[in-house]
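Analysis of the macromolecular model
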Amino acid sequence: KGMALPQRIAPPERICMDWQQRQRPGAGLFNLGNTCYINVILQCLTHTPPLANYLLSHQHSQSCQQQGFCMMCTMEAHVRKVLCSSASAVLPGAVLRDLKFIGEDFEYGRQENAYEFLRCALNAMHRACLSGRRDLDFSSQGTTIVRRIFQGFMKSRVTCLSCQAVVDSYKAFLDVSLDIRVRASSLITVLEDCVTPKQLDQKECFRCSKCKKKAAASKKVTVHHAPRVLTLCLERADQRTGTKINKFVEYPEYLDLRPYMSDTAGEPLLCSLYAIVVHSGDTCLEGHFFCYTKASNGLWYKMDDESVENCDIHTVLGQQAYLLFYAR
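Residues numbered from 1 in each chain as written. Predicted model: local features only at pLDDT ≥ 70, side-chain atom pairs only at ≥ 80, totals over all residues. Heavy atoms only, no water.

- An unreviewed UniProt entry lists the protein under the name UBP42 hydrolase, from Rhadina sibilatrix.

Written out as structure tokens, the structure is:
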């Protein structure tokens, strides 16, 4: 299942991937009781250079005619408050107040998952750019700043093992979830396994359009169009047992996406790590989230709710990461 690849991935307007303003790291965020999952995602989005550049320019709010809640306007105000305030910590009040508009299943005061909040926050921002229609998500049409920054396309090639016919399909993605249970000593190993062709399970009935019969087939999934910002989720909840996977998975500061692309020829496609989210705790249903972000001054900081402390890259690369953010 998939879709035809759009003829134009994004509008031709330039998106600046480097910080347009150099300043101190953002302020910390107060935790009002189990809101650490919100704080880490807000900090990672605030320190995403192309998104921050756009929000600080007020391009959205200057033309926004939306009545009531608007996630883009909320994020504009939040990012400016965090990056421009002289306070050591601020309250993400607007986000907490309108939490139900961001994700209907979120309940204030209850521990939630940072990854789910990220997906809902991006969807809410996307909808805000499309006049706030709540029935729209990333499967809907419409190119927005959120899509232009975070969206990529996967290519799925199914090969009939009887006649060697191939069928290609494409699927948009905002993030990539990676199974780290097996062969997961490093991110590179996991990604190599992802792009290795695998024979389809017999339950996945494949009828070849060329030889007109059910046949064994293999499938290879590659990145066809890389996003400007690549978000990787290292799945730390074992789907079979529900227990947390605490293993350390090595990840690089700089990642070359070229070996995992549909077209492996050409120049390296380098991405630079700029934020990670870490979950501490014995189970996936409880614990605490904190993050590390790279500020516009080029330095790394540990952001643990209201606490913001300088750190080095070796500390960042030594974490049991849950979410990884890489920028082209």
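Additional details are given in the paragraphs that follow.
**With respect to the pairing of strand 5 (residues 176–179)**
- Taking every second residue as pointing to the same face, the buried face of strand 5 carries Val176 and Leu178, while none of Ser177 and Asp179 on the other face is buried.
- As defined by bridge partners, strand 5 adjoins strand 8 (residues 229–235) across 4 bridges and the pair is classed as parallel. Across the sheet, Asp179 pairs through a bridge with Glu235, a residue of strand 8. (Buried < 20%, exposed > 50% of the residue type's maximum accessible area, 1.4 Å probe, protein only. Helix = DSSP H or I, 4+ residues; strand = E, 2+ residues; numbered from the N terminus. Pairing = 2+ DSSP bridges.)

**Points about the packing of aromatic side chains**
- Applying the stated criterion across every chain yields a total of 7 aromatic pairs.
- With a centroid separation of 5.6 Å and an interplanar angle of 55 degrees, the aromatic rings of Phe106 and Phe117 are classed as tilted. Highlighted residues: Phe106 in the loop between helix 5 (99–102) and helix 6 (114–129) and Phe117 in helix 6, separated in sequence by 11 residues.
- Accessibility expressed as a relative area gives 5% for Phe106, which makes it buried.
- These aromatic residues form a ring-pair network of at least three members: Tyr37, Phe106 and Phe117. (Phe/Tyr/Trp six-rings, centres within 6.5 Å; stacked < 30°, edge-to-face > 60°.)

**A few points about the environment of Arg258**
- Looking at where Arg258 falls in the secondary structure, it is placed in the loop between strand 9 (254–256) and strand 10 (270–280).
- Its relative accessible area of 16% is what places Arg258 among the buried residues.
- Spatially, the C-alpha atoms of Arg258 and Pro268 are 5.5 Å apart, while their sequence positions differ by 10 residues.
- Other than its neighbours up to four places away in sequence, Arg258 contacts Asp263, Thr264, Ala265, Gly266, Glu267, Pro268 and Leu269. (Contact = heavy atoms within 4.5 Å.)

**Remarks on the packing of helix 1 (residues 36–46) against helix 3 (residues 71–84)**
- It is the contact of helix 1 with helix 3, at a shortest axis distance of 10 Å, that shows an interaxial angle of 85 degrees. By the angle between their axes, helix 1 is roughly perpendicular relative to helix 3. Across the interface between the two elements, Leu42, Gln43, Leu45 and Thr46 from helix 1 touch Met75, His78, Val79, Val82 and Leu83 from helix 3.
- Split by residue class, the contact of helix 1 with helix 3 holds 6 nonpolar, 3 polar and no charged. (Axes fitted to C-alpha atoms, helices over the stretch in contact; angles between N-to-C directions. Parallel < 35°, antiparallel > 145°, perpendicular 65-115°, else oblique. Nonpolar A, V, L, I, M, F, W, Y, C, P; charged D, E, K, R; others polar.)

**Some thoughts on the nonpolar core**
- Ranked by size, the top nonpolar core spans 57 residues in total, and within it Phe117 and Val277 carry the most contacts.
- Among the elements that take part in this core, helix 6 stands out by supplying 9 residues, more than any other.
- Formed by 35 residues, the second largest nonpolar core is a distinct cluster that contains Val223, Tyr260, Tyr292 and Trp300. (Core = buried A, V, L, I, M, F, W, Y, C linked by side-chain atoms within 4.5 Å.)

**Comments concerning the side chain of Lys244**
- If you trace the backbone, Lys244 turns up in the loop between strand 8 and strand 9.
- No salt bridge is formed by the buried Lys244. Its closest oppositely charged neighbour is Asp282, at 7.1 Å.
- Within the structure, the side chain of Lys244 is placed 2.9 Å from the backbone oxygen of His279, a separation counted as a polar contact.
- Among the polar contacts made by the side chain of Lys244, one reaches the main-chain carbonyl oxygen of Gly281 at a distance of 3.1 Å. (Lys, Arg positive; Asp, Glu negative; His and termini not counted. Salt bridge = Lys/Arg side-chain N within 4 Å of Asp/Glu carboxyl O. Polar contact = N/O pair within 3.5 Å; in protein donor to acceptor, adjacent residues only side chain to side chain.)

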